[in-house]
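Spelled out, the chains give:
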Amino acid sequence: MYRWLRAAAVTGCTALWCTAAGLTASPALADDAPAAAPSFTLAPAFGQVGETVTLTAQGATTFPTDGTATVTFNDDVAATAVTPVSTSELSVVVPTGASTGPVSVVAETTTYDGPTFTLQQPVAMVATLTPSVLSYGGKAVVSATLQTTGALTLPIAGQSATLERRANASDTWQQAADTDVKSTASDGRVSWTLHPASNADYRVHFAETPQYAEATSEPLSVSVKPRITVRPVTTAPVGEVTKITGTVHPHVSGRVVLEKLRHGSWHRADRTQVHHGRFSFGIDPSNYNLLHYRVTRPTDGRHHLASSRVLRIQAVHQLLVYGNRGADVSALQKRLRTLHYDVGPKSSFYGWDMVHAVTAFQKAQGFFRTGRADRKVWKHLAAPKRPQLRHRHVRGTSVEVDLTRQILMIGRNGHVWRILDTSTAGGYVYTDSAGEQATAITPIGHFVIQYKIDHLVKDRLGTLWRPSYFDTSGDAIHGEGNSNAGYDVPAHPASHGCVRITNLAVDRYYNTFAVGVPVWIYH
């Protein structure tokens, strides 16, 4: 239809123009012409029921300031809260029942057409953080699911989500470091994996779009326990100070507390300051006993209460030798067995099996070989060097002989199963069974057990107890003589070329050295 600017008498018409005194109507305003530009703008152009939008007049449009203007959403729902701000601005509350569509203003007999207002759909969000307490270095996962509300709930895909963080006791929210802005998947879900270093609160924020309202989750809290690592200590000689040392990660300042278990509850035994993430305590047991210690760091504003693992420390006497008997011997035997040394049957007697087990341990650590459990042995039992197999690919049983350390290792599926004291060739010159001069050398290389003799074998070079031969030159793994005296295996290389172990050990492992078992001998 034509919109006349003022009334006038028609004086004539043509196919293109109608003219009147003081009036001209352009065909650009005809029904088939493009729509005119909106008379006002909306800010914002989207929102929810109950939110306020501002209408700002464009060009020559003016709004009445007497409150008579009517604002209609989508041509059928009138706003009940319209507030004139000026002749060019109205403040309007989106009414109940409003829907997406054009907005118009009626002022007296004039109708002003505006742009489209998009009614946002309200949304619901479920956000979680697990676990809520974790050790430093661990990970936490924050996830959230966004969906529509109402009678029909549907997941919302493609919505932009930000993970925000605030430090403990802070009021400032910021985008969490090292996290990206993500979009919800087809199931409405989004998640982040975190490695927090201190206590913090997190929340998920979905930015609003013309179609959906924004949403922010409630704060999700995580508490971080510092990781307290203590160096293993299993024995402590009576009357001697034994150190308990360790580290705290992250390297935070403050005190750590050494606690001792007494009568079923933990009591503070000592406390010290952490320096560059490290701490040290000293304990001095006065008598034989099984002691339990742990190190704790009290909670503070940045971190949760944390504790180390419990140290079970056996207080022992300083020196054990052949012939000793008692709980100290049992404790020593248990520790050596845990480290895979051949200690023989369970016993509280320090016999030849224990002498050779300690000797093998001393050899593996590079100590002087005495077979006595002195302070050096006790000290290194807590954190020893652990011999490893060179040939870990082998399935089943294998044997390796380390000529340098003078130990024999039995492997099971690539792992050390037993470590035995051994004595190999002494490197001296001797007269062999053929009357020839020979040098005592244990061959180096890869062999297999070829045949065995299950009794005492005698020749002019000596006696072999239950030998297991691994080459054609007569070299074997065997015991010496026909007694169980442990001194038949000295702590140094002494054989003509064989690998000598104690008769007691031969009897335990004779069936283990089966025909076909691979044997490696090396320096």
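Reading the values: rules and limits
Residues numbered from 1 in each chain as written. Predicted model: local features only at pLDDT ≥ 70, side-chain atom pairs only at ≥ 80, totals over all residues. Heavy atoms only, no water. Helix = DSSP H or I, 4+ residues; strand = E, 2+ residues; numbered from the N terminus. Rg over C-alpha atoms; globule rule 2.2 N^0.38 Å. Buried < 20%, exposed > 50% of the residue type's maximum accessible area, 1.4 Å probe, protein only. Contact = heavy atoms within 4.5 Å. Areas by Shrake-Rupley, 256 points an atom, 1.4 Å probe, with all protein chains shown as cover. Lys, Arg positive; Asp, Glu negative; His and termini not counted. Charge placed at Lys NZ, Arg CZ, Asp CG, Glu CD. Pairing = 2+ DSSP bridges. Salt bridge = Lys/Arg side-chain N within 4 Å of Asp/Glu carboxyl O. Core = buried A, V, L, I, M, F, W, Y, C linked by side-chain atoms within 4.5 Å. Expected span 1.5 Å × (residues − 1). Phe/Tyr/Trp six-rings, centres within 6.5 Å; stacked < 30°, edge-to-face > 60°. Lys NZ or Arg CZ within 6 Å of the ring centre and 35° of its normal. Axes fitted to C-alpha atoms, helices over the stretch in contact; angles between N-to-C directions. Patch = residues over 30% accessible without salt bridge, like charges linked within 9 Å, V, L, I, M, F, W, Y side chains within 5 Å.

**Considerations on the overall build of the protein chain**
When you go through the protein chain residue by residue, the secondary structure sums to four helices and 43 strands. Against the 2.2 N^0.38 benchmark of 24 Å for 523 residues, the protein chain shows a C-alpha radius of gyration of 44 Å, more extended than a compact globule. With the principal axes as the frame, the protein chain shows a C-alpha extent of 150 × 55 × 40 Å. Going through the 523 residues of the protein chain one by one, you find that 42% of them count as buried. Restricting the contact set of the protein chain to residue pairs at least 6 apart, pairs at least 24 apart contribute 56%. Total accessible area computed for the protein chain in this model is approximately 26700 Å², and 51% of it derives from carbon and sulfur atoms. Taking the 48 positively charged and 39 negatively charged side chains of the protein chain as two groups, their mean positions are separated by 17 Å.

**Some words on the sheet that holds strand 11 (residues 101–107)**
Pairing within the open sheet is mixed, and its five strands lie in the order 5-12-11-7-8. Each having just a single partner strand, strand 5 (46–47) and strand 8 (77–78) make up the two edges of the open sheet.

**Digging into the pattern of salt bridges**
Throughout the structure, instances matching the rule amount to twelve salt bridges. Where arginine 500 meets glutamate 480, a salt bridge forms, and the shortest distance between an N and an O atom there is 3.5 Å. Separated by 20 residues along the polypeptide, arginine 500 in strand 42 (residues 499–500) and glutamate 480 in strand 41 (residues 476–480) bring together distant segments of the chain. Taking relative accessible area as the criterion, arginine 500 reaches 11% and is therefore assigned buried. Salt bridges linked by common partners bring Asp342, Asp353 and Arg508 together as one network.

**A few points about the nonpolar core**
One finds Leu332, Leu336, Tyr341, Tyr350, Phe361 and Leu381 to be the most contacted residues of the largest nonpolar core, which totals 30 residues. Elements with a minimum of two residues in this core: helix 1 (327–338), helix 2 (352–365), helix 3 (375–381), strand 33 (407–412), strand 34 (415–421) and strand 43 (518–522). No other element matches helix 2, which puts seven residues into this core. Beyond its immediate sequence surroundings of up to four residues, tyrosine 341 is in contact with Leu336, Ala357, Ala360, Phe361, Ala364, Gln365, Pro387 and Ile419. Judged by nonpolar contacts, the second largest core, of 23 residues, contains Ala140, Ala176, Leu220 and Val224.

**Quick look at helix 1**
For helix 1, which comprises twelve residues, the first-to-last C-alpha distance of 17 Å matches the rise-based estimate of 16 Å (1.5 Å per residue) to within 8%. Where helix 1 is concerned, the buried positions are Asp328, Val329, Ala331, Leu332, Gln333, Arg335 and Leu336. One or two steps after helix 1, the chain reaches histidine 340, where phi turns positive at roughly 80°.

**Here's the deal with the environment of glutamine 450**
Residue position: glutamine 450 is located in the loop between strand 37 (445–448) and strand 38 (451–452). Between the alpha carbons of glutamine 450 and glycine 137 there is a distance of 52 Å; along the sequence they are 313 residues apart. In contact with glutamine 450, other than residues within four places in its own chain, are Tyr469, Phe470, Asp471, Thr472 and Val515.

**Some words on the packing of aromatic side chains**
Taken as a whole, this structure holds eleven aromatic pairs when the rule is applied. Their ring planes at 85° and their centres at 5.9 Å tell us that tryptophan 417 and tyrosine 509 sit as a pair that is edge-to-face. Here tyrosine 509 lies in helix 4 (residues 503–509) and tryptophan 417 lies in strand 34, a separation of 92 residues in the sequence. Given a relative accessible area of 24%, tryptophan 417 falls into the partly exposed group. Looking at tyrosine 509, the relative accessible area reads 4%, which means it is buried. One aromatic cluster is present, built from ring pairs that chain together Phe40, Phe63 and Tyr112. Over the ring of tryptophan 417 we find arginine 412, and its NZ or CZ is 3.9 Å from the ring centre.

**Structural notes on the side chain of threonine 296**
Structurally, threonine 296 can be placed in strand 29 (residues 289–297). Excluding residues within four positions of it along the chain, threonine 296 makes contact with Ile228, Val256, Val257, Glu259, Ala306 and Ser307.

**Some remarks on the sheet that holds strand 25 (residues 242–249)**
Two strands in a sheet stick together by hydrogen bonds in their backbones, pointing the same way (parallel) or opposite ways (antiparallel). As summarised here, the arrangement of the three strands in space is 23-25-28, forming an open sheet in which the pairing is antiparallel. Each edge of the sheet is formed by a strand with only one pairing partner; in this case those strands are strand 23 (227–230) and strand 28 (278–283). Taking each pair of neighbouring strands and ignoring which way they run, the sheet shows an average axis angle of 25°. Looking at chain direction, strand 23 and strand 25 are connected through four bridges and run antiparallel. Bridge pairing in strand 25 places threonine 229 opposite threonine 247.

**Overview of a positive patch on the surface**
A surface patch of like charges, here positive, comprises Arg312, Lys334, Arg337 and Lys346. You can see arginine 312 is positioned in strand 31 (residues 311–316). A relative accessible area of 48% places arginine 312 in the partly exposed class.

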